[in-house]
Amino acid sequence: MPQESPTPSARQTELLEAAYRYALAHGLTDLSLRPLAEAIGSSPRVLLFLFGSKDGLLQALLERARDDELALLARARQPERPAGLVPAVERVWAWLAAKEHRPLLRLWAEAYARSLVQPDGAWAGFARATVEDWLAVLADCQPPSERDSEDGAARRTLALAVLRGALLDLLATDDEKRLTEAVEHQLNLLRY
């Protein structure tokens, strides 16, 4: 996905972090280099030099967002001591529902949707990669006998569909109580 140099310079890392904070606040859809550069104390020329192109910068920002997503998922992942699908979904939903994570999740939803309608360029592969990331984490939470079965694959796919649907609804409505009840209802069905 990203086309970054093997070892980014300190300035590139600093500007990427500043651009990421900007993207969390403003989104990526209408990202324009001039206002971004001004907001982060740089210039469009420097950004183009460091990231190669606007698409290169977008790819770096998407990878940065994915790194945050993977850090979240790492907390639920326990392949050596699988806790089970239901406790993993409970932990993931608690994290997703927390208000302080909404900027990252809005950025994720924006990138996910753009990846579906613009499958080439900077957005290429983002949606598929996040689906694979989440399914892998949920698989690691299942005991091996469940993980390696068709039923186990269907159960983690259902869990992911519930989490993603509830997340999108949460971002649209902020109705955390209703959605938490819905997730808990689905988890009760997954227990059996």
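Scroll up to find the structure this text is about.
What comes next concerns the included structure. (Residues numbered from 1 in each chain as written. Predicted model: local features only at pLDDT ≥ 70, side-chain atom pairs only at ≥ 80, totals over all residues. Heavy atoms only, no water.)

1. As for the overall build of the chain
Secondary structure summary: the chain contains ten helices and zero strands in total. Put simply, the chain runs from its N terminus to its C terminus through helices and strands in the order α-α-α-α-α-α-α-α-α-α. With respect to the principal axes defined by its C-alpha atoms, the chain has extents near 60 × 35 × 30 Å. The 192 residues of the chain split such that 47% are buried. A fraction of 67% describes how many contacts in the chain between residues 6 or more apart in sequence connect residues 24 or more apart. Positive and negative charge centroids in the chain, built from 23 and 28 side chains respectively, lie 2 Å apart. (Helix = DSSP H or I, 4+ residues; strand = E, 2+ residues; numbered from the N terminus. Buried < 20%, exposed > 50% of the residue type's maximum accessible area, 1.4 Å probe, protein only. Contact = heavy atoms within 4.5 Å. Lys, Arg positive; Asp, Glu negative; His and termini not counted. Charge placed at Lys NZ, Arg CZ, Asp CG, Glu CD.)

2. Some thoughts on helix 7 (residues 126–141)
The end-to-end C-alpha distance of helix 7, which contains 16 residues, comes to 23 Å, matching closely the 22 Å that a straight helix rising 1.5 Å per residue would cover. For helix 7, the full list of buried residues reads Phe126, Ala127, Ala129, Thr130, Asp133, Trp134, Val137, Leu138, Ala139, Asp140 and Cys141. (Expected span 1.5 Å × (residues − 1).)

3. Looking at the packing of helix 5 (residues 85–97) against helix 7
Interaxial distance between helix 5 and helix 7 falls to 8 Å at its minimum, and their mutual angle equals 135 degrees. It follows from the interaxial angle that helix 5 and helix 7 lie oblique. Between helix 5 and helix 7 the crossing geometry is right-handed. Residues Leu85, Ala88, Val89, Val92 and Leu96 of helix 5 form the contact with helix 7, whose participating residues are Trp134, Leu138 and Cys141. The residue inventory of the contact of helix 5 with helix 7, partitioned by class, reads eight nonpolar, no polar and no charged. (Axes fitted to C-alpha atoms, helices over the stretch in contact; angles between N-to-C directions. Parallel < 35°, antiparallel > 145°, perpendicular 65-115°, else oblique. Left-handed = near helix turned anticlockwise from the far one by under 90°. Nonpolar A, V, L, I, M, F, W, Y, C, P; charged D, E, K, R; others polar.)

4. As for the nonpolar core
Grouped together as the largest cluster of nonpolar side chains are 58 residues, with contacts concentrated most on Leu28, Leu47, Trp93 and Leu96. Sort the elements by how many residues they give to this core and helix 5 lands first, with nine residues. (Core = buried A, V, L, I, M, F, W, Y, C linked by side-chain atoms within 4.5 Å.)

5. Remarks on the packing of aromatic side chains
A full pass over the atoms with the stated rule returns one aromatic pair. Here tryptophan 108 and tyrosine 112 contribute two aromatic rings whose centre-to-centre distance is 4.9 Å and whose plane-to-plane angle is 35 degrees, an arrangement assigned as tilted. Of this pair, tryptophan 108 and tyrosine 112 both sit in helix 6 (residues 102–117), separated by four residues, roughly a single helical turn. Its relative accessible area of 5% is what places tryptophan 108 among the buried residues. Positioned above the aromatic ring of tryptophan 134 is the side chain of arginine 164, whose terminal nitrogen or guanidinium carbon lies 4.7 Å from the ring centre. (Phe/Tyr/Trp six-rings, centres within 6.5 Å; stacked < 30°, edge-to-face > 60°. Lys NZ or Arg CZ within 6 Å of the ring centre and 35° of its normal.)

6. With respect to the pattern of salt bridges
The final tally for this structure, using the stated rule, is twelve salt bridges. The partner of aspartate 133 in a salt bridge is arginine 66, with the nearest N and O atoms 2.7 Å apart. Within this pair, whereas aspartate 133 is found in helix 7, its partner arginine 66 is found in helix 4 (residues 54–76), the two being separated by 67 residues in sequence. Aspartate 133 sits in the buried class, given a relative accessible area of 12%. A residue is classified by how much of its surface remains accessible, and arginine 66, at 16% relative accessible area, is buried. In this structure, arginine 102 engages aspartate 174 in a salt bridge whose closest nitrogen and oxygen atoms are separated by 2.6 Å. In this pair, arginine 102 is assigned in helix 6 and aspartate 174 in the loop between helix 9 (150–173) and helix 10 (176–190), connecting sequence segments 72 residues apart. Take aspartate 174: its relative accessible area is 40%, and that puts it in the partly exposed class. What you see here is one network of salt bridges that share partners, running through Glu17, Arg64 and Asp68. (Salt bridge = Lys/Arg side-chain N within 4 Å of Asp/Glu carboxyl O.)

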